[in-house]
Amino acid sequence: MDLIKEDFNKILDKKELSSEIKWMKIYHPFIARKALPGQFIILRPTEESERIPLTIAGTEPEKGTIEIIFQEVGVTTKKLGSLVSGSKIHNLAGPLGKPVHIENYGRVLLITGGVGSAFIYWMAMAFREKGNTIWAIMGARTANLLILVDEMKKICDKVLISTDDGSKGTKGFVTDVLEDALNNGEHADLAICAGPIMMMKNVSIITKKYGIKTIASLNPIMIDGTGMCGGCRVTIGGKVKFACVDGPDFDAHQVDFDELLKRTSFYKKQEQCALEIYLKSTGAGRFTSTTAEKSREV
Ligand SMILES: Cc1cc2nc3c(=O)[nH]c(=O)nc-3n(C[C@H](O)[C@H](O)[C@H](O)COP(=O)(O)OP(=O)(O)OC[C@H]3O[C@@H](n4cnc5c(N)ncnc54)[C@H](O)[C@@H]3O)c2cc1C
Ligand code: FES
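Residues numbered from 1 in each chain as written. Chains lettered and ligands numbered in written order. Predicted model: local features only at pLDDT ≥ 70, side-chain atom pairs only at ≥ 80, totals over all residues.

1. Some points on the overall build of the protein
Next up, step 1: The helix and strand tally for the protein stands at 10 helices and 16 strands.
Next up, step 2: The C-alpha radius of gyration of the protein comes to 19 Å, within 12% of the 19 Å expected for a compact globule of 298 residues.
Next up, step 3: Each principal axis of the C-alpha atoms in the protein carries an extent, and together these give about 55 × 50 × 40 Å.
Next up, step 4: The proportion of buried residues among the 298 residues of the protein is 42%.
Next up, step 5: Here the contacts in the protein between residues at least 6 apart in sequence split such that 64% fall between residues at least 24 apart. (Helix = DSSP H or I, 4+ residues; strand = E, 2+ residues; numbered from the N terminus. Rg over C-alpha atoms; globule rule 2.2 N^0.38 Å. Buried ≥ 20, exposed ≤ 12 C-beta atoms within 10 Å, placed from the backbone. Contact = placed C-beta atoms within 7 Å.)

2. Quick look at the packing of helix α6 (residues 197-209) against helix α8 (residues 257-264)
Next up, step 1: Their axes nearest at 10 Å, the elements α6 and α8 cross at an angle of 180 degrees. In this view, α6 runs roughly antiparallel relative to α8, as classed from their interaxial angle. Residues Ile 197, Met 200 and Lys 201 of α6 form the contact with α8, whose participating residues are Phe 257, Leu 260, Leu 261 and Thr 264.
Next up, step 2: Across the contact of α6 with α8, the residue classes tally to five nonpolar, one polar and one charged. (Axes fitted to C-alpha atoms, helices over the stretch in contact; angles between N-to-C directions. Parallel < 35°, antiparallel > 145°, perpendicular 65-115°, else oblique. Nonpolar A, V, L, I, M, F, W, Y, C, P; charged D, E, K, R; others polar.)

3. What to know about the site of ligand 1
Next up, step 1: The environment of ligand 1 is formed by 30 residues, the closest being Thr 55, Gly 74, Thr 76, Thr 77 and Glu 271.
Next up, step 2: Counting residues per element, the ones that place at least two in the shell around ligand 1 are β4 (52-55), β6 (65-71), α2 (75-82), α3 (117-129), α9 (268-282) and α10 (291-296).
Next up, step 3: With four residues, the top contributor of residues to the shell around ligand 1 is β4.
Next up, step 4: For the shell around ligand 1, the per-class residue count stands at 17 nonpolar, eight polar and five charged.
Next up, step 5: Counting residues domain by domain, the shell around ligand 1 receives three or more from each of domain 1 (5-96) and domain 2 (107-263). (Near = placed C-beta within 6 Å. Domains from an automatic or database assignment.)

4. Points about the environment of Glu 151
Next up, step 1: Along the chain, Glu 151 falls in helix α4 (residues 149-155).
Next up, step 2: Placed 26 residues apart in sequence, Glu 151 and Met 125 show a C-alpha to C-alpha distance of 9.9 Å.

5. Observations concerning the pairing of β4
Next up, step 1: Covered by surrounding structure in β4 are Ile 52 and Leu 54 together with Pro 53 and Thr 55, the residues of both alternating faces.
Next up, step 2: Across four bridges, strand β3 (residues 40-44) lies against β4 in antiparallel orientation. What sits directly across from Phe 40, in β4, is Thr 55. (Pairing = 2+ DSSP bridges.)

6. Examining the packing of helix α5 (residues 174-183) against α6
Next up, step 1: For the pair α5 and α6, interaxial distance at closest approach is 10 Å and the crossing angle is 15 degrees. The pairing of α5 with α6 is recorded here as roughly parallel in orientation. For α5 against α6, the interelement crossing comes out right-handed. Every residue of α6 that contacts α5 at Val 174, Thr 175, Leu 178 and Glu 179 is listed here: Met 199, Asn 202, Val 203 and Ile 206.
Next up, step 2: A breakdown of the residues in the contact of α5 with α6 according to their chemical character gives five nonpolar, two polar and one charged. (Left-handed = near helix turned anticlockwise from the far one by under 90°.)

7. Some words on the nonpolar core
Next up, step 1: Counting 75 residues, the largest nonpolar core has Ile 41, Ile 68, Leu 110, Ile 111 and Cys 193 as its most contacted members.
Next up, step 2: Considering every element that reaches this core, the biggest residue donor is α3, with eight residues.
Next up, step 3: Once you skip the residues sitting within four places of it in the chain, Leu 110 turns out to touch Ile 120, Ala 124, Ile 134, Ala 136 and Ile 192. (Core = buried A, V, L, I, M, F, W, Y, C linked by C-beta atoms within 7 Å.)

8. Some words on the sheet that holds β6
Next up, step 1: As summarised here, the arrangement of the four strands in space is β1-β2-β6-β5, forming an open sheet in which the pairing is antiparallel. In this open sheet, the two edge strands, each paired with only one partner strand, are β1 (11-16) and β5 (58-60). If you compare each strand with its neighbour and ignore which way they point, the axes differ by 20 degrees on average.
Next up, step 2: The pairing of strand β2 (residues 21-27) with β6 spans seven bridges and is classified as antiparallel. Its bridge partner lying in β6, Lys 22 is registered against Phe 70.

9. As for the sheet that holds β4
Next up, step 1: Strand order in this open sheet of three strands is β4-β3-β7, and the pairing throughout is antiparallel. Sheet topology places β4 and β7 (91-96) at the edges, where each strand pairs with a single neighbour. On average, each strand axis in the sheet is tilted by 25 degrees relative to the strand beside it, whichever way the strands run.

Have a look at this one:
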């Protein structure tokens, strides 16, 4: 494949998966060639932007492309979402983090909340290729925020859906569906969860009760992504780990979720203030203090 240097970081395609969630295909042959499921990139949409981590949702190594799926929750994800096909992301680095360990476990359960499906979908395909049978529980605040359901149905034996408001599937949380399914004799040899921290915490409490090995894809605040700044510090089994180099996937039963919750909300006021200023500058209307929180509660 010829490398087209001037096209590096170019957005080749872009789709809206829901009002808040976007999919992009980006030209970056080096990352496309190396990336594996579970890894992520750190990017800056524009020169003045902050660095944000986003999971690599898929690659086409022969075409030199990578895919990302992101929810617009704050200034940087909104700036990224405002870039159009054909424009360039200012810079991006990757692949970062450890790939998830893929082997034939038997029956694998994937549990996602909202944009958490972006973390899981590529992994799901890799587990499937290794001969696992897969079932999934996918949840969101409301039907409009459920993504990749049709794609997951193609590779899973069974997909159960829940929405907080009952607009699709069971009314309630993924954890309600999980507990019901396990009570009714469903089983899994491995569970993987990705989504809001509270959801992952509650999933891990349930799967521990049923003795199911569980991996949580953690999403702490990250800055450099190389293990230098300590921003992504998490506690796993009482030991300090850096999610960007030791993770982002960890044994869910060992994660200190309460600490993670505290650390991710550390800059909430500043993030809300920055978003308010950004929205005013773009004329996008007034921001209410709960907008970002609501966005993450998927
Ligand atoms: C390894 C990794 C992979 C990720 N992959 C994806 C992905 O594929 N798709 C995706 O949509 N998001 C992903 N995230 C989360 C994403 O990085 C954040 O949503 C983003 O940094 C928010 O930046 P912002 O400036 O738009 O919003 P900010 O202004 O920074 O934050 C807005 C709101 O989102 C909350 N928030 C900020 N960062 C996070 C976070 N890391 N986790 C949970 N809540 C957060 C804040 O508390 C605040 O309420 C990932 C995070 C990590 C660590
Ligand atoms: S992001 Fe800096 S140490 Fe992980």
